[in-house]
Amino acid sequence: MIYKFKDEQPTKLLRGHLHLGGSNQTTTIDVNSHYLEKNGQCWIPVMGEIHYGRVNRESWKAELLKMKAGGVTLIAAYVFWIFHEEEEGQFNFSGNYDLRHFLELIQECGLDVVLRIGPWCHAELRNGGFPEWLLAKGCETRTDDPEYLGYVTRYWSQLKEQVSDFLFENGGPICAIQLENELTDNAVHIKTLKNIAIELGLNAPLYTATGWNATYGAAIPELDVLPVFGGYADAPWENHTRQLEPVSHYFFLPARNDHSIGKDLIIAKETDEDVFQMKYDLYPFATCEIGAGIQVTHHRRPIISADDAASLAMVKIGCGNNLPGYYMYHGGTNPIGKHHTMQESKCTGYPNDLPVRSYDFQAPIGEFGQINPQYGKLKIQHLFLQAFGDSLGKMCPQFQAMEIEGRNDTTSLRYALRTDGNSGYVFVNNYQRHSMLAPHESVQFEVPVADGHFVFPQQGINVPCGSYFMLPYNLEINGVVLSYSTAQLVYQDRNTLFFMAIDGIEPEYVWADGSQQKVRTGLDNQITVHVNGVTLTLVTLSQEQAEHLFVLDDNIFYSNADLYLDGDKLTAYRVGNSDLSLSWWNGARFIHHEFSKVSLLNHVDLTEIAVATPTSLGSEELALSKTDNLKTWTLDFSHIDIRDNVDALIRFDYVGDIAQLYVDDELVADDFYKGTHWDVSLKHILEFGDKATLVITEKANDDIYIESEERVGLELKKVSVKVIYSNQFDISHIKY
């Protein structure tokens, strides 16, 4: 069957209409109505969120380098007022709150940064990040109340002292500042905040504001900020415990606004003639909260799979997203304050209860730096954007001509196109969280080219259930035109092209001169193509292999371990597997290096004891279970041997409701049971001591959304140790 696209004309490209953009001695950043620009070139950064105050500062550099290795080029970070001025007038920029040091490391790593300075941030933090003392003042927060603005100005003045050296105008990495968050109906206040920031010298080329959760988009000062959007695979803030209807983010749609994000805190206004209507044609499609995971609440505990996250992200690119921004890309751990915990809860006026400590978010990089499966799947997309984003960003979306019969349609093919009118990429998504979509046979696409239309693939392809991919057509590469391929383009290194075979679809390459190749996948099955005097090398990886391809400062590696590069030091690390072998691409083939560490066997000394209910801050969380049935164990980690490796994860396999880990009566980690194992960093635990107490409450058959088959009970099945094996290589010894 031939699938066609709507004949949609791109919106007019506008330049110079926004009060945004800036230059320093080496770089100019600007924004037009279609895409961002850096030094006059189309620029598609990949943005990933990490909260420095939720990550141990000793790990900051390694975690930033892991993000960079995953393809993130732009760090997003909330700056939480409650962290820096927990007590009125007492500012704290030390330890894990050392913003200046965090920015130094971002700069060292060669990354850019968006500071999301609030003042109100949300992020499932107590009071959305407002200090308790501020709320006690009685002023009208998040408005132009002079008293409130006075406190904001004092706070931001302190921020300016910390960040001044890292502002873009001074050659630093701060290329954007987000003002407020999820403020839907007060454009005047956002403009006031921008004016205050500029008066204080908090200058950046770009100022952003979240654009969602109002009928026609949030009210913003329309020429003064760039609206950014989001989308999640589930909604743990919903007040019911049913499985959600199929989420719209798995469909190719022109809509950017999302009425569901923040629904727990924001009430959308009814449509009327006076309501603000965002002029989307003024701005490129940009996001800051593509859900690469999700945080659980006590009453809703969804599990986000790697495909849940990666397919959603790819759909957004197909819809025209020219700034993929992930929330969260790196999870973290809430600190505990001097007088109270830091999580949002019903006791703090929030509609939901969240874990006291854990902000793991099921992110690509977890709470303790562990790599989760979506990391590799998203990296495939990021490598593509790194290599081809400058041309993709100029391509406008066209949507499918075949109509979808509502969100419960599981039989229609979902597809979209990004094109410049002659070449482009067809996007296909046959995946939907919690749904089985019908497979499709003999699929072809009719796409626009300069002299009319072109139908490909020639023989048609079969699209399996659960697959999602993008296919190039009429693409010029080093002077040679690739008519189309049935493999997904991943990366280009000079005259070498890396592709990914799609499960269930035979990889085929067809060139404009009529030549074609069908190939086998594999690291060592590269082929050489000679077309019109140009020689190209094609490497076709399996999907699994593509997830383990790394591009680190122009070096290409393959490894089943995870990798990051710091100068000339290459670190390989892997949970529970001591094989750290890797391969380096020398421009013609992969050079393999075998390397393994000694495998280590460890155990935790575990003793069940009489129930001893903790009394420290955070212990009140146990009452959420509404049961007196709980069990307590002592854990002794002092005999664990990790040798010269980076860390170990203590893995708890249990059934229950809430699990808490204490050291010397201090809560150090917690978990809401959702049917998966719970990992806690040994290094994190040992910061507090080597003897711990584990408390688990019973999971009753109450009104909680959980996707696990084991829904009730109280059982500690197993406690194991997963060493994170690691080794550092001198890159000059790898490259030869």
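As shown above, the structure is provided for reference.
Report follows, based on the coordinates.

Cut-offs applied
Starting from 1, residues in each chain are numbered consecutively following that chain's sequence as written. Totals for whole chains, interfaces and linings use every residue, but because this is a predicted model, local features are given only for residues with pLDDT of at least 70 and side-chain atom pairs only at 80 or more, for both listing and counting. Values shown for side chains rest on all heavy atoms present in the structure; no hydrogens or waters enter the calculation. Note on pairing: two strands pair once DSSP finds at least 2 bridges between them. Counting from the N terminus, the helices are DSSP H or I runs at least four residues long and the strands are E runs at least two residues long. All axes here are fitted lines through C-alpha atoms, helices being fitted over the stretch that makes contact, and every angle between N-to-C directions spans 0 to 180 degrees. Pairing of aromatic rings covers Phe, Tyr and Trp, the last through its six-membered ring, and needs centres within 6.5 Å; plane angles under 30 degrees mean stacked, over 60 mean edge-to-face, and all others mean tilted. Burial status follows relative accessibility: with a 1.4 Å probe on protein chains alone, a residue under 20% of its type maximum counts as buried, one over 50% as exposed, and anything between as partly exposed. By definition here, charges over rings are those cases where NZ of Lys or CZ of Arg is within 6 Å of the ring centre and within 35 degrees of the ring normal. For this analysis, residues touch if any pair of their heavy atoms sits within 4.5 Å.

The antiparallel open sheet is built from 4 strands, whose spatial order is E30-E31-E34-E35. Each end of this open sheet is capped by a strand with a single partner; those strands are strand E30 (549-552) and strand E35 (590-593). Each adjacent strand pair in this sheet contributes to an overall mean axis angle of 30°, direction not counted. Across 4 bridges, the pairing between E30 and strand E31 (residues 555-558) is antiparallel. When the bridges of E31 are listed, Phe-550 appears paired with Phe-557.

What follows deals with the packing of aromatic side chains. A complete count under the given rule lists 41 aromatic pairs for this structure. Seen from their ring centres, Phe-498 and Trp-585 are 5.4 Å apart, and the 75° between their planes marks the pair as edge-to-face. Here Phe-498 is found in strand E25 (residues 496-500), whereas its partner Trp-585 is found in strand E34 (residues 582-585), with 87 residues between them in sequence. Taken as a pair, Phe-498 and Trp-585 share a single burial class, namely buried. Members of the aromatic cluster, each reached through a chain of ring pairs, are Tyr-3, Phe-5, Tyr-415, Phe-445, Phe-454, Phe-456, Tyr-473 and Tyr-484. For the cation-ring pair, Arg-54 lies above Tyr-359, with the distance from its terminal atom to the ring centre recorded as 3.7 Å.

The omega torsion across Gly-118 and Pro-119 is 15°, close enough to zero to call that bond cis. Along the polypeptide, Pro-119 turns up in the loop between strand E8 (112-118) and helix H4 (132-136). The peptide bond linking Phe-456 to Pro-457 adopts the cis configuration, its omega dihedral lying at -15°. With respect to the secondary-structure elements, Pro-457 resides in strand E21 (residues 452-463). Even without glycine at this site, Asp-553 takes up a positive phi of about 50°. On the basis of relative accessibility, which here comes to 43%, the residue Asp-553 falls in the partly exposed class. The backbone of Asp-554 shows a phi angle near 70°, a positive value even though the residue is not glycine. Looking at the secondary structure, you find Asp-554 in the loop between E30 and E31.

Okay, the sheet that holds strand E11 (residues 226-231) next. In space, the 8 strands of this closed barrel follow the order E6-E7-E8-E9-E10-E11-E12-E14, with parallel pairing throughout. Across the sheet, the mean angle separating the axes of adjacent strands is 25° when strand polarity is ignored. Two strands pair when backbone bridges link them, and strand E12 (residues 287-291) and strand E14 (residues 325-327) are joined in this way by 2 bridges, in the parallel orientation. Its bridge partner being in E14, Ile-290 is matched across the sheet by Tyr-326. Strands in contact with helix H5 (residues 146-163) are E8 and strand E9 (174-179); relative to E8, the strand with the most contacts, it is inclined by about 165°. Across the face of the sheet, helix H6 (residues 187-200) comes into contact with E8, E9 and strand E10 (206-210) while running at roughly 150° to E10.

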